[in-house]
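# Fold and geometry: a report
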Amino acid sequence: LMLDVKAGHVTLDFTGVTELGDEFLDELFLVWAPAHPRVTLQVAHLPSKLAPRFFAFCKRAVQPVARKTVAG
């Protein structure tokens, strides 16, 4: 889906979407987005029944990973 994107801004239009797979969310937010930090993603027409899951995933994806430190 996002393989040939060259734009600096992408609108993800969810018109007619009834389900979101974990694989799609993983690939988009954990693989593709970090590899394209200059591209802005905008969401359009996300059905309200999918919104909680979508935004919960987004929130987890952008949180920094906690690093363990070793006391010396």
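Notes on the structure in this doc start here. (Residues numbered from 1 in each chain as written. Predicted model: local features only at pLDDT ≥ 70, side-chain atom pairs only at ≥ 80, totals over all residues. Heavy atoms only, no water.)

## Some remarks on unusual backbone geometry
In the Ramachandran plot, His-45 falls in the positive-phi region, its phi being about 55° despite a non-glycine side chain. Within the secondary structure layout, His-45 lies in the loop between β2 (40–44) and α2 (51–62). (Helix = DSSP H or I, 4+ residues; strand = E, 2+ residues; numbered from the N terminus.)

## Some details on the packing of aromatic side chains
Within the structure shown, the criterion is met by five aromatic pairs. Residues Phe-14 and Phe-24 carry aromatic rings whose centres are separated by 6.5 Å and whose planes lie at 85° to one another, so their mutual orientation is edge-to-face. Of this pair, Phe-14 sits in the loop between β1 (9–13) and α1 (22–35) while Phe-24 sits in helix α1, placing them ten residues apart in sequence. Consider the rings of Phe-14 and Phe-54, whose centres lie 5.5 Å apart with planes at 70°: the pair is edge-to-face. Pair noted here: Phe-14 is in the loop between β1 and α1 and Phe-54 is in helix α2, with a separation of 40 residues, a long-range link. Among the residues examined, Phe-14 registers a relative accessible area of 5% and is labelled buried. One aromatic cluster is present, formed by Phe-14, Phe-24, Phe-29, Phe-54, Phe-55 and Phe-57 through successive ring pairs. (Phe/Tyr/Trp six-rings, centres within 6.5 Å; stacked < 30°, edge-to-face > 60°. Buried < 20%, exposed > 50% of the residue type's maximum accessible area, 1.4 Å probe, protein only.)

## Examining the nonpolar core
Formed by 15 residues in total, the largest nonpolar core has its most connected members in Phe-14, Leu-20, Leu-25, Phe-29, Leu-46 and Phe-54. For this core, the elements supplying multiple residues, two or more each, are β1, α1 and α2. Those residues in contact with Leu-25 that sit more than four places away from it in its chain are Leu-20, Leu-30, Arg-53, Phe-54 and Phe-57. (Core = buried A, V, L, I, M, F, W, Y, C linked by side-chain atoms within 4.5 Å. Contact = heavy atoms within 4.5 Å.)

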